[in-house]
Amino acid sequence: MERLERLEAVQSMLLEIGRTSTSCSDITEFIRAVHRALGRIMYAANFYVALSDREDGTVRFVYFVDESDEGPPLNQPVALASPDESPTAWVIQHRETLVVTAADFKARLNFGAGSAAEHWIGCPLLDQQHMPLGAIVIQSYTSENTYSVEDQDLFGVIANHVSVALQSLQSMDRLERAVHERTLRLEEQNAATNIALTQLQQAQGELVRQEKLASLGRLVAGVAHEINTPLGICVTATSHLVEELRLTREELGNGELTEDSLNSFLDIVDQSLRIMTTNTQRAAALVRSFKQVAVDQSSDDIRSFNLRTYLNEVLLSLQPKLKGRPVKVEVDCPPDLVLESYPGAVSQIVTNMLMNSLVHGFEEREQAGTIAIRAALEGDVVAFSYADDGAGMDSDTLDKLFDPFFTTKRGNGGSGLGAHILYNLVTGPLGGSVRVQSAPGEGLRYELSFPRSRRLEKRAA
C-alpha cells in the first residue's frame, strides 16, 4: 500500500510539474516548485539545477539549496569545468546520468568542489535533439539518507519532465501563450478528474463489501493502471505540440513561414487539443466506470451513443500509441448502430484490447499487423468482435487470460489487470458475455455479445 501511495504521489508530482510549467514564466520559480514537490517523495534537502550555454562554454546555477556548502551566485555564468574535475560537468558533457557514492569521492580526489557527499545523483537535462540543456542534481551528506535504485529511476523520470518544461519556458512567445490559454481548460478538466478520484477513495468503505472486485487494493491499482493511458496520451500530445511550436517559431524567425505551413500548424493544434480534451474526459469516465461497476449498477449514467462514432473517437485518442508503428486498425460497424448503454465501459474495453495487442501481440515496434474491429446488430443483441494477427498465445496462457494479476510481462509494465477488467466490464455493466480464441502465431480474437440497450435491465433491477 505504501508503494501504491508513493506511485500516486509521483503521478501527482508529474502533473504538478506540467501545470507549473504552463503557468510560470520564471525558470528559478519553476525549479523551486519542482524542489518542493520532489521533497514529498524522496530526501531532497540538497538540490540544484545548472543550465549550460554551449556557445560560450559556461554554466549558470539557476537554483541551489545545500545544507553544508554555500552555493555559487545564482544566474552568474561560470566556465564549465572538466568532466574529470566536476561530476556536474561530467553529466552535462556526457549527457548521461551519474551516481557517485562516498567511496567514489574518496577514490577520485578533487572530483567536485565543496563537501563530499554520501550519495550524489546527477541527471542530464536534454532537448529534443538530445543536446544538453544542463543538469539536475540531488545529494545527501549522511548515510541515513541514501537513494535506492527506484529513487534513481524516479529522479531520471523527473529530469525528463523538467527538460520538456525548460524547453517550453525558454522558447515561450506570443504563440505559445495563446496555446497556454487553451491549456488552462485542460487543467480544469484535470481538476475534475482529481475530484472524481477523491470521491472514489471516499467510496472505498462501501467497495470492501462488494464481491464483484477481489479487494479494495486491486480496485485502486486498477484505476491507477487504466487512468495512466489517457493521461499519458495527454502528455504525449502536449510534448508534440510544444515541438511543433518550436519549429513554427523557427520558421517565423527565419522568415520562412508560409500560409500552408501556418494552416498545417493550426490543424496540428486543433487535433492535439481535441485529443487532450477527449482523453481527460475519458479519464474521468474511467473513474466513474469503476465506481459504477463496484458500487452502483443502478446509477443513471446510461446514455444513447452512436457506436461507430464513439469507436472512432476512442481510436483517435489512441493515435499517439499507434504512431510510428505499422499496425493498421480496421473498423466495420453500421453507421446507424445506436446503443443505450455505458460508453465509458465500451471505451475502456476497446482501449484494453488494443493496448494488449500492442504490448503482447506486436512486441517489436517494427512488427506490422492488422487489428480488425467489427460490430453488428443481431435482433436486439450486439455481436462485437476484435481480432489481431499478432503472436497469439498457447492454451495454458489462454486459460488464465482473465485471471487477475496474471501477466507474461511482469517485469515490463504488465499489471495483469487489463483482461480481467475487460471481462468484468463485459459481464457487469454491459450485461453480456465474452469468448476468446488464440493459438501461437495465429493472433487473438475476442467475441463479445451484449444487449443493445441496458435501460430495460436497469429498470427491472
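Calculation notes
Residues numbered from 1 in each chain as written. Predicted model: local features only at pLDDT ≥ 70, side-chain atom pairs only at ≥ 80, totals over all residues. Heavy atoms only, no water. Pairing = 2+ DSSP bridges. Helix = DSSP H or I, 4+ residues; strand = E, 2+ residues; numbered from the N terminus. Buried < 20%, exposed > 50% of the residue type's maximum accessible area, 1.4 Å probe, protein only. Axes fitted to C-alpha atoms, helices over the stretch in contact; angles between N-to-C directions. Polar contact = N/O pair within 3.5 Å; in protein donor to acceptor, adjacent residues only side chain to side chain. Contact = heavy atoms within 4.5 Å. Core = buried A, V, L, I, M, F, W, Y, C linked by side-chain atoms within 4.5 Å. Salt bridge = Lys/Arg side-chain N within 4 Å of Asp/Glu carboxyl O. Expected span 1.5 Å × (residues − 1). Arc of directions from axis to C-beta. Patch = residues over 30% accessible without salt bridge, like charges linked within 9 Å, V, L, I, M, F, W, Y side chains within 5 Å. Areas by Shrake-Rupley, 256 points an atom, 1.4 Å probe, with all protein chains shown as cover. Lys, Arg positive; Asp, Glu negative; His and termini not counted. Charge placed at Lys NZ, Arg CZ, Asp CG, Glu CD. 1 Å grid on protein atoms, 1.4 Å probe; cavity = no way out; pocket = protein on both sides within 12 Å on 5 of 7 lines; lining within 4 Å. Points joined across faces, edges and corners; volume = space filled by probe spheres on them. Nonpolar A, V, L, I, M, F, W, Y, C, P; charged D, E, K, R; others polar. Parallel < 35°, antiparallel > 145°, perpendicular 65-115°, else oblique. Left-handed = near helix turned anticlockwise from the far one by under 90°.

## Quick look at the sheet that holds strand β3 (residues 78-79)
Link 1 in the chain: An order of β3-β2-β1-β6-β5-β4 is seen for the six strands of this open sheet, with the pairing classed as antiparallel. With partners counted over all chains shown, the strands left at the sheet margins are β3 and β4 (98-101), one partner each.
Link 2 in the chain: Alignment of β4 against strand β5 (residues 119-126), held across four bridges, turns out to be antiparallel. Paired with threonine 101 across the strands is histidine 119, a residue of β5.

## Things to note about unusual backbone geometry
Link 1 in the chain: Despite not being glycine, asparagine 75 shows a phi value in the positive range, around 60 degrees.
Link 2 in the chain: With respect to the helices and strands, the residue asparagine 75 is situated in the loop between β2 (58-65) and β3.

## Some points on the pairing of strand β1 (residues 46-53)
Link 1 in the chain: Along β1, seven of the eight residues are buried, which leaves the element largely enclosed by surrounding structure.
Link 2 in the chain: Where β1 and strand β6 (residues 132-140) come together, six bridges link them in antiparallel fashion. By the bridge assignment, leucine 51 is partnered in β6 with glycine 134.
Link 3 in the chain: The antiparallel hairpin formed by β1 and β2 contains four residues in its connecting segment, where glycine 57 sits at a positive phi of about 65 degrees.

## Digging into the sheet that holds strand β13 (residues 444-451)
Link 1 in the chain: Read from one edge to the other, the open sheet built from five strands follows the order β8-β10-β11-β13-β12, with strand pairing classed as mixed. Each edge of the open sheet is held by one strand with a lone partner, namely β8 (327-332) and β12 (433-438). In this sheet, neighbouring strand axes are inclined to one another by 10 degrees on average, regardless of whether the strands run parallel or antiparallel.
Link 2 in the chain: Inspection of the sheet shows strand β10 (residues 369-378) paired to strand β11 (residues 381-388) by eight bridges, in the antiparallel sense. By the bridge assignment for β11, alanine 375 is matched with phenylalanine 384.

## Some thoughts on the side chain of glutamine 139
Link 1 in the chain: Examined against the element boundaries, glutamine 139 turns out to sit in strand β6.
Link 2 in the chain: Accessibility expressed as a relative area gives 6% for glutamine 139, which makes it buried.
Link 3 in the chain: Within polar-contact distance, the side chain of glutamine 139 engages the side chain of aspartate 66 at 3.2 Å.
Link 4 in the chain: Not counting residues within four places of it along the chain, the set of residues in contact with glutamine 139 comprises Tyr43, Asn46, Tyr48, Asp66, Ala117, His119, Trp120 and Tyr147.

## Observations regarding the nonpolar core
Link 1 in the chain: In terms of nonpolar packing, the biggest core is built from 56 residues, with Leu307, Leu354, Phe384, Tyr446 and Leu448 touching the most fellow members.
Link 2 in the chain: No other element matches helix α12 (residues 343-361), which puts eight residues into this core.
Link 3 in the chain: Grouped together as the second largest cluster of nonpolar side chains are 34 residues, Phe30, Leu51, Cys123 and Ala165 included.

## Description of the pattern of salt bridges
Link 1 in the chain: Overall, the coordinates contain nine salt bridges when judged by the stated rule.
Link 2 in the chain: Notably, a salt bridge pairs arginine 374 with aspartate 332, separated by 3.9 Å at the nearest N-O pair. Placement of the pair is arginine 374 in strand β10 and aspartate 332 in strand β8, with a sequence separation of 42 residues.
Link 3 in the chain: Note that arginine 452 and glutamate 340 form a salt bridge whose closest N and O atoms lie 4.0 Å from each other. In this pair, arginine 452 sits in the loop between β13 and α15 (455-460) while glutamate 340 sits in strand β9 (residues 338-341), placing the two residues 112 residues apart along the sequence. For the pair formed by arginine 452 and glutamate 340, the shared burial category is buried.
Link 4 in the chain: Among the charged side chains, a network of salt bridges with common partners joins Glu243, Arg246 and Glu250.

## Section: α12
Link 1 in the chain: Taking 1.5 Å of rise per residue, 19 residues should cover 27 Å, and α12 covers 26 Å from first to last C-alpha, within 8% of that figure.
Link 2 in the chain: The element α12 is extensively covered by neighbouring structure, given that 17 of its 19 residues are classed as buried.

## A few points about helix α10 (residues 307-317)
Link 1 in the chain: Among the residues of α10, Leu307, Tyr310, Leu311, Val314, Leu315 and Ser317 are the ones counted as buried. Buried residues of α10, seen end-on, are gathered within an arc of 160 degrees and therefore sit on one face of the element.

## Things to note about a negative patch on the surface
Link 1 in the chain: A surface patch of like charges, here negative, comprises Asp394, Asp396, Asp399 and Asp403.
Link 2 in the chain: Relative to the assigned elements, aspartate 399 resides in helix α13 (residues 395-399).
Link 3 in the chain: Residue aspartate 399 is classed as exposed on the basis of its relative accessible area, which comes to 61%.

## Examining the layout of surface pockets
Link 1 in the chain: As a volume, the second largest pocket reaches approximately 590 Å³.
Link 2 in the chain: Taken together, 33 residues line the second largest pocket, and the ones lying closest to its centre are Tyr48, Ser86, Thr88, Gly112 and Ala113.
Link 3 in the chain: Among the elements of the structure, β2, β3, α3 (87-94) and α4 (102-107) are those that each provide at least two residues to the lining of the second largest pocket.
Link 4 in the chain: Counting residues per element, the lining of the second largest pocket draws most heavily on α3, at four residues.
Link 5 in the chain: Looking at the lining of the second largest pocket, its residues break down into 20 nonpolar, eight polar and five charged.

## Considerations on the packing of α10 against α12
Link 1 in the chain: Where α10 meets α12, the axes come as close as 10 Å, and the angle between the chain directions of the two elements is 50 degrees. Here α10 is positioned oblique relative to α12, judged by the angle of their axes. For the crossing formed where α10 meets α12, the hand is right-handed. Residues Leu307, Tyr310, Leu311, Val314 and Leu315 of α10 touch α12, and the partners they reach there are Pro343, Gly344, Val346, Ser347, Val350, Thr351 and Leu354.
Link 2 in the chain: Split into classes, the residues belonging to the contact of α10 with α12 amount to nine nonpolar, three polar and no charged.

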